[in-house]
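Residue-level structure breakdown
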Amino acid sequence: MTGPAPEGCGSPQPDRLRIRADFVRAAKGARVTARAFALQARKRESDALEGARVGFTVTKKTGNSVVRNRIRRRLREAVRLGKTLPLRPDHDYVLIARREALSMEFRALSRELERAIQKLNDPKRAAAGSRPARPT
RNA sequence: CCAGUCGGCUGGACGGCCGCUCCCUUGCGGGAGAGGAAAGUCCGGGCUCCAUGGAGACACGGCGCCGGAUAACGUCCGGCGGGGGCGACCCCAGGGAAAGCGCCACAGAAAGCAAACCGCCCGUCCUUGGACGGGUAAGGGUGAAAGGGUGCGGUAAGAGCGCACCGCGGACGCGGUAACGCGGACGGCACGGCAAGCCCCGCCGGGAGCAAAACCGAAUAGGGAUGACACGAAGCCGCCAGGAAACUGGUUUGGCUUCAGGCCCGUCUCCGGGUCGUCGUCCGGGUUGGUUGCUUGAGGCGUUCGGUGACGAACGUCCCAGAGGAAUGGCCGUCACGCGCAGGCUUUCGGGCCUGCGCCAUACAGAACCCGGCUUACAGGCCGACUGGCGAU
């Protein structure tokens, strides 16, 4: 049971997703692709937590460990700095990196992330059975 | 100055805003935070668990000139031998071929035990061609390799048959801890090569790894105790079912093996240990997850001493990442360096300098229990020692 949503919509920093089972579950949710990444999102059932959670996946295909680390850090920073991102507090998000996330300009990366989340929030796309409307 | 050999170091700096992990603190706040290879996971150890009861033999694997260093090594240091380079220096699968087996392709008459294809010489026959018998191994030819080489003597032709020098073997002597080096009586020459084919000799070695291992602990299966029942049982394969997996259950649906014992602990011997039916009840179990292991160590730095050196000793001083879908960063500014383009100046034609603009995780690359090595990757920069040229004094 979630408490009252924090006032002012200044969303708190999302938690990291760390457990394999969470990643597997999120993979069954809705999916949107961009040039630098693919984004998956799924509403959590039986929710004892509050606040959105975000995980990152960088596969070995994208490069060696130096490249993978850098990509993950850039994506993480884009999430952290994007305070106005319309993340839903009862959802889990997973960002799957692509190679372009390494060389793309950071501002463009942030824009892509915002657009991808908006797309997921669009009620027409919300096929996963989550009620889209959120007050404020 | 040019060319080269060897060794070592470095591999962005400063600042601003916003963050991450760990530690200290009641709190404000403060401190620390990737590499020389963190890489490949190729060797050697520490540590953990299992096995280890013992002993020996066998098997298997690794190493292989000598001496030293080291916790240890396949690493390092100093020598020796062989090969390459004008030289500094570099390279080496470098024990044993009279313990034994095996192999030596092609070519060649012949490839390891002595033989003879073309030849050469002598004798006999005969139509000067040639045939047969014998001697011989200098010459030709083949080959990676053909029973020493060159010269003289010698001879029917020849041959270590004889001699000289060289090569080879070599009792013994001297030097060296040793590998080995120097000398060498004597031997008329025999003992070809391959051990990276098997092998022999010497030395070393139990297995698996932090996803080790310990603790806390949802569900499923297993486990222990006890009671009842049963006496052919056990193991392997296959099939079916459950589980995310590890694994578990069923099998009169089938096949195979073993025997009153079977199977496992590398094999064998003596010997030891573990394990092996169904159902009920009770105890209890430990996978996902969490905590520990987790960073003070063959530790770093400095000085002195010993040693040719690898390295060792003493003293002083410091605490230096601990993540776990994995922190150590993101963005921006200035500068240095580099690269590209354009323009200008200069040149001993290799290049050098200046200005402007652009690019720039600056190269290779990211700790994952910890050490010692090896190997591989690496833009650019710096330092030292030495060698060979050319020039100047």
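Every chain's residues receive numbers from 1 upward, in the order its sequence appears when written. Written order determines the labels here, with chains lettered from A and ligands numbered from 1. Since the coordinates come from a predicted model, pLDDT governs what is reported: local features require at least 70, and pairs of side-chain atoms require 80 or more to be given and counted, while whole-chain, interface and lining totals use all residues. Excluded from the side-chain calculations are hydrogens and water; all other atoms, namely the structure's heavy atoms, are used.

**A closer look at helix α4 (residues 106-121)**
Quick reminder of the rule: For the purposes of this entry, the term helix denotes a DSSP run of H or I that reaches at least four residues, the term strand denotes a run of E that reaches at least two, and both are numbered from the N terminus. To estimate the expected span of a helix, subtract one from its residue number and multiply by 1.5 Å. Think of it in three bands: residues with accessible area under 20% of the maximum for their type are buried, residues over 50% are exposed, and the middle band is partly exposed, with areas taken using a 1.4 Å probe on protein chains only. The contact criterion used is simple: two residues touch if any of their non-hydrogen atoms lie within 4.5 Å.
Helix length check: α4, at 16 residues, gives a terminal C-alpha distance of 23 Å against a target of 22 Å (1.5 Å per residue), a fit within 8%. Within the span of α4, buried status applies to Ala108, Leu109, Glu112, Leu113, Ala116, Ile117, Leu120 and Asn121. Turning to α4, the residues buried within the fold contact β2 (30-33), β3 (37-43), α2 (65-81) and β5 (91-97).

**Details of the sheet that holds β2**
Stated formally: Strands qualify as paired when DSSP identifies two bridges or more between them. Note on definitions: angles span 0 to 180 degrees between N-to-C directions of axes, and those axes are lines fitted to C-alpha atoms, for helices only across the stretch in contact.
The strand order across the open sheet built from five strands is β1-β4-β5-β3-β2, with neighbouring strands paired in mixed fashion. The open sheet terminates on both sides in strands that have one partner only, identified here as β1 (15-16) and β2. Sheet topology places β2 next to β3; four bridges connect them, and they run antiparallel. Residue pairing for β3: Ala30 is matched across the bridge by Ala41. Across the sheet, α2 is in contact with β1, β3, β4 (53-57) and β5; its angle to β4 comes to roughly 160°. Packed onto the sheet, α4 meets β2, β3 and β5 and runs at close to 35° relative to β3.

**Observations regarding the packing of α2 against α4**
Spelled out, the test is: Should the near helix be turned counterclockwise from the far one by less than a right angle, the crossing is left-handed, whereas a clockwise turn marks it as right-handed. Three categories are distinguished: nonpolar for Ala, Val, Leu, Ile, Met, Phe, Trp, Tyr, Cys and Pro, charged for Asp, Glu, Lys and Arg, and polar for the others, with Gly belonging to the last.
At a closest axis distance of 10 Å, the pairing of α2 and α4 adopts a crossing angle of 65°. In this structure, α2 crosses over α4, and the sense of that crossing is right-handed. Contacts from Arg74, Leu75, Glu77, Ala78, Val79 and Leu81 in α2 reach Phe106, Leu109, Ser110 and Leu113 in α4. Considered class by class, the residues forming the contact of α2 with α4 number seven nonpolar, one polar and two charged.

**Let's talk about the pattern of salt bridges**
Worth spelling out the cut-off: Salt bridges, as used here, are contacts in which a Lys or Arg side-chain nitrogen is within 4 Å of a carboxyl oxygen on Asp or Glu.
Using the criterion set out here, one finds four salt bridges in the structure. In this structure, Arg35 and Glu112 form a salt bridge, with 3.6 Å as the shortest nitrogen-oxygen distance. With Arg35 in the loop between β2 and β3 and Glu112 in helix α4, this residue pair connects regions lying 77 residues apart in the sequence. On the basis of relative accessibility, which here comes to 51%, the residue Arg35 falls in the exposed class.

**A few points about the nonpolar core**
How we decide: In this description, a nonpolar core means a group of buried Ala, Val, Leu, Ile, Met, Phe, Trp, Tyr and Cys residues linked to one another through side-chain atoms lying within 4.5 Å.
Counting residues in each nonpolar core, the largest one holds 28 residues, and the members touching the most others are Phe37, Leu39, Leu75, Tyr93, Leu95 and Leu113. Contributing elements (two or more residues each) for this core: β3, β4, α2, β5 and α4. Per-element tally for this core: the top contributor is α4, with six residues.

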